[in-house]
Protein chains: 2
Amino acid sequence: MKNILNANQNKADEIKQHLKEKKVLMVNIIGSPGAGKTTLLENTIESLKETYSIAVIEGDVATDRDARRLQKYDIPIVLINTDGACHLESISIQNALAEFDLDKTDIVFVENVGNLVCPAEFDIGEFAKIAVISVTEGDDKPEKYPLLFREAKAMILNKVDLIEYTDFNKTEFDESLRILNGGLSKFEMSCRKNEGLEGWLDWLKNTHAETAK
Amino acid sequence: MKNILNANQNKADEIKQHLKEKKVLMVNIIGSPGAGKTTLLENTIESLKETYSIAVIEGDVATDRDARRLQKYDIPIVLINTDGACHLESISIQNALAEFDLDKTDIVFVENVGNLVCPAEFDIGEFAKIAVISVTEGDDKPEKYPLLFREAKAMILNKVDLIEYTDFNKTEFDESLRILNGGLSKFEMSCRKNEGLEGWLDWLKNTHAETAK
């Protein structure tokens, strides 16, 4: 297991260096099945596609459903079907990146396999891990699945339009995040209603500007 | 990986045999973080505890939050903290079962780590895997994460009280389950409201009666 992690990390470091030279921002979107990762991508691409050249790597254990949902944007998409495996590794990412013209790419979004546990353990050369969680999953998730929330640079709390129908306690949720990761950038939104994405879009723009310096 | 799976399966077979001799029904509850597994257990134990001797094995990557939620029932609970690992394995289950007096136990509920992918790959000696999914996760989950839905004997569709606030398409969901696993027993409920559990409780009673024959 240690050898696997070391080999993965070495490859991830190569990717990081390569993306830096090419001034490409790559973010690794991680969350449970149904947290809203693909809908987040749809809205984000819709908002940014006129200004930025975007490419997507879609990770899935089976099917190309998510990749197909993004085909309408006419952007480069590589689908990685893990055939049951629970996370993406840097070797597959390196192969996928080779399919893009990185000289003409600003941002690469990686949608990881729907899983709050395993993907957080694997560096795939991303600049930032983005945790996506929905209010319907409950306010105890950061405490119960701490690694992702520690590792992430930004966290998206999705489906806030449903909060009144749940027992989600925003104060406890924020407090557990503060303890785990005080520097985390936090954004609340409803991807399904395409509401509240401004802060997240600004974060991407600023982060891309830093990367491209 | 193959060796790990083989060793796990051998141990699982031993457990299965032992539980059969003791006439104990063990079910393995699997679903994403926040699908409602612990709330399902709370309601189920509340309904059955006068009639059956129940024990619980709680799997979690970190914290004892779920185990603490069940302490009010004064039943035997063993917490398995996987320390980051994404599923339970049969060796830990065997150790946990040794803590119970199986001659005085009717049903063992195992709450697996919140994860729709990895736990489905590991037989832990259970009689049945139970898939728990909530409508807020979306109707495409069986197709996207097929293994669990193929392996499960029963499926609980939770949070049906929220269906009107989502895009969940019941017809497509049922159709994908029918294709994956025509023999699956299906139950719809709202665990948070403790509504609609009758069918599930009957299934447990009948399945236990079969086991105890």
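Note that the coordinates shown come from a computational prediction; the quantities given were computed from them, not determined experimentally. (Residues numbered from 1 in each chain as written. Chains lettered and ligands numbered in written order. Predicted model: local features only at pLDDT ≥ 70, side-chain atom pairs only at ≥ 80, totals over all residues. Heavy atoms only, no water.)

Overview of the overall build of chain A
Then comes step 1: Counting its regular elements, chain A contains eight helices and seven strands.
Then comes step 2: For 213 residues, the compact-globule formula gives about 17 Å, and the C-alpha radius of gyration of chain A, at 16 Å, lands near that figure.
Then comes step 3: By its C-alpha atoms, chain A is 45 × 45 × 35 Å across when sized along the principal axes.
Then comes step 4: Here chain A holds 213 residues, and the buried ones make up 57% of them.
Then comes step 5: Long-range contacts, defined here as pairs at least 24 residues apart, represent 74% of the contacts in chain A between residues at least 6 apart. (Helix = DSSP H or I, 4+ residues; strand = E, 2+ residues; numbered from the N terminus. Rg over C-alpha atoms; globule rule 2.2 N^0.38 Å. Buried < 20%, exposed > 50% of the residue type's maximum accessible area, 1.4 Å probe, protein only. Contact = heavy atoms within 4.5 Å.)

Looking at the nonpolar core
Then comes step 1: Counting 46 residues, the largest nonpolar core has Met155 of chain A together with Met155 of chain B as its most contacted members.
Then comes step 2: Going through the elements one at a time, β5 (128-134), α6 (146-151), β6 (154-158) and α7 (170-180) of chain A together with β5 (128-134), α6 (146-151), β6 (154-158) and α7 (170-180) of chain B are the ones with two or more residues in this core.
Then comes step 3: Once residues within four sequence positions are removed from consideration, Met155 of chain A is found in contact with Ala131, Ile133, Phe149, Phe173, Leu177, Leu184, Ser185, Lys186 and Phe187 of chain A. (Core = buried A, V, L, I, M, F, W, Y, C linked by side-chain atoms within 4.5 Å.)

Comments concerning the interface of chain B and chain A
Then comes step 1: Taken residue by residue, the interface counts 36 residues in chain B and 34 residues in chain A.
Then comes step 2: Counting each side, the surface lost to burial between chain B and chain A is near 2900 Å², with a carbon and sulfur contribution of 51%.
Then comes step 3: Of all residues in chain B, Arg65, Lys144 and Tyr165 of chain B bury the most surface against chain A, accounting for 22% of the area lost on that side.
Then comes step 4: Here chain B and chain A share eight salt bridges between them.
Then comes step 5: Between Lys144 of chain A and Asp60 of chain B there is a salt bridge; the shortest N-O distance is 3.4 Å. (Buried area = accessible area lost by both parts, 1.4 Å probe. Salt bridge = Lys/Arg side-chain N within 4 Å of Asp/Glu carboxyl O.)

What about the pairing of β6 of chain B?
All names here are of chain B.
Then comes step 1: Within β6, five of the five residues are buried, which leaves the element mostly enclosed by the surrounding structure.
Then comes step 2: Burial of β6 is two-sided: the residues Ala154, Ile156 and Asn158 facing one way and the residues Met155 and Leu157 facing the other way are all buried.
Then comes step 3: As judged from the five bridges shared by β5 and β6, these two strands associate in the parallel manner. Looking at the pairing, Ile133 lines up with Leu157 of β6.
Then comes step 4: Across four bridges, the pairing between β6 and strand β7 (residues 185-188) is parallel. Residue pairing for β7: Leu157 is matched across the bridge by Glu188.
Then comes step 5: A crossover connection joins β6 to the parallel β7 through α7; in handedness this β-α-β unit is right-handed. (Pairing = 2+ DSSP bridges. Right-handed = clockwise from strand over helix to strand, strands pointing away.)

Quick word on the confidence of the model for chain A
Then comes step 1: Averaged over every residue, the pLDDT of chain A is 96; residues scoring 70 or more account for 100%.
Then comes step 2: Reported confidence for the predicted complex is 0.92 by ipTM and 0.95 by pTM. (pLDDT = per-residue confidence, 0-100.)

Details of the sheet that holds β6 of chain B
Residue and element names in this part refer to chain B.
Then comes step 1: Taken together, seven strands build an open sheet; the order of strands is β3-β2-β4-β1-β5-β6-β7 and the sheet is parallel. Strands with a single pairing partner mark the edges of an open sheet, and in this sheet they are β3 (77-81) and β7. On average, each strand axis in the sheet is inclined to that of its neighbour by 20°, with strand direction left out of account. (Axes fitted to C-alpha atoms, helices over the stretch in contact; angles between N-to-C directions.)

Regarding the sheet that holds strand β3 (residues 77-81) of chain A
Sheet strands line up and pair through hydrogen bonds in the backbone, either parallel or antiparallel.
Residues and elements named next belong to chain A.
Then comes step 1: Ordered by their spatial adjacency, seven strands build an open sheet running β3-β2-β4-β1-β5-β6-β7, and the pairing between neighbours is parallel. Edge positions in the sheet fall to β3 and β7 (185-188), since each has one partner strand and no second. In this sheet, adjacent strand axes meet at a mean angle of 20° when their direction is disregarded.
Then comes step 2: In the sheet, strand β1 (residues 25-31) pairs with strand β4 (residues 107-111) via five bridges, with the strands oriented parallel. Following the sheet pairing, Met26 is matched in β4 by Val108.

Topic: the relation of the copies chain B and chain A
Then comes step 1: Once chain B has been moved 0.0 Å along the axis and rotated by 180°, it coincides with chain A to within an RMSD of 0.0 Å. Such a combination of turn and shift is consistent with a two-fold rotation axis.
Then comes step 2: The fraction of interface residues of chain B whose copies in chain A are also interface residues reaches 94%, indicating that both copies meet through the same surface. (Least-squares fit on C-alpha atoms with pLDDT ≥ 70 in both.)

Observations regarding helix α4 (residues 90-97) of chain A
All names here are of chain A.
Then comes step 1: Among all positions of α4, only Ser90, Ile93, Ala96 and Leu97 are buried. Along the axis of α4, the buried residues cluster in a sector spanning 115°; they form a single face.
Then comes step 2: Next to the buried residues of α4 lie α1 (2-21), β1, β2 (54-60), β3 and β4. (Arc of directions from axis to C-beta.)

Some thoughts on the pairing of β3 of chain A
Residues and elements named next belong to chain A.
Then comes step 1: Where burial is concerned, the two faces of β3 differ: the one with Val78 and Ile80 is buried and the one with Ile77, Leu79 and Asn81 is not.
Then comes step 2: With five bridges joining them, β2 and β3 adopt parallel strand pairing. Bridge pairing in β3 links Asp60 to Asn81.

Here we look at unusual backbone geometry
Then comes step 1: A positive phi is found at Asp74 of chain A, a non-glycine position, where the angle reads about 55°.
Then comes step 2: Mapped onto the secondary structure, Asp74 of chain A falls in the loop between α3 (65-70) and β3.
Then comes step 3: The backbone of Lys23 of chain B shows a phi angle near 55°, a positive value even though the residue is not glycine.
Then comes step 4: Within the secondary structure, Lys23 of chain B is located in the loop between α1 (2-22) and β1 (25-31).

Description of the environment of Ile130 of chain A
All names here are of chain A.
Then comes step 1: For Ile130, the location among the structural elements is in strand β5.
Then comes step 2: For the pair formed by Ile130 and Ile29, sequence separation is 101 residues and the distance between their alpha carbons is 4.8 Å.
Then comes step 3: If we ignore the near neighbours within four places in the chain, the residues touching Ile130 are Val27, Asn28, Ile29, Ile30, Ala154, Ile156, Trp200 and Trp203.

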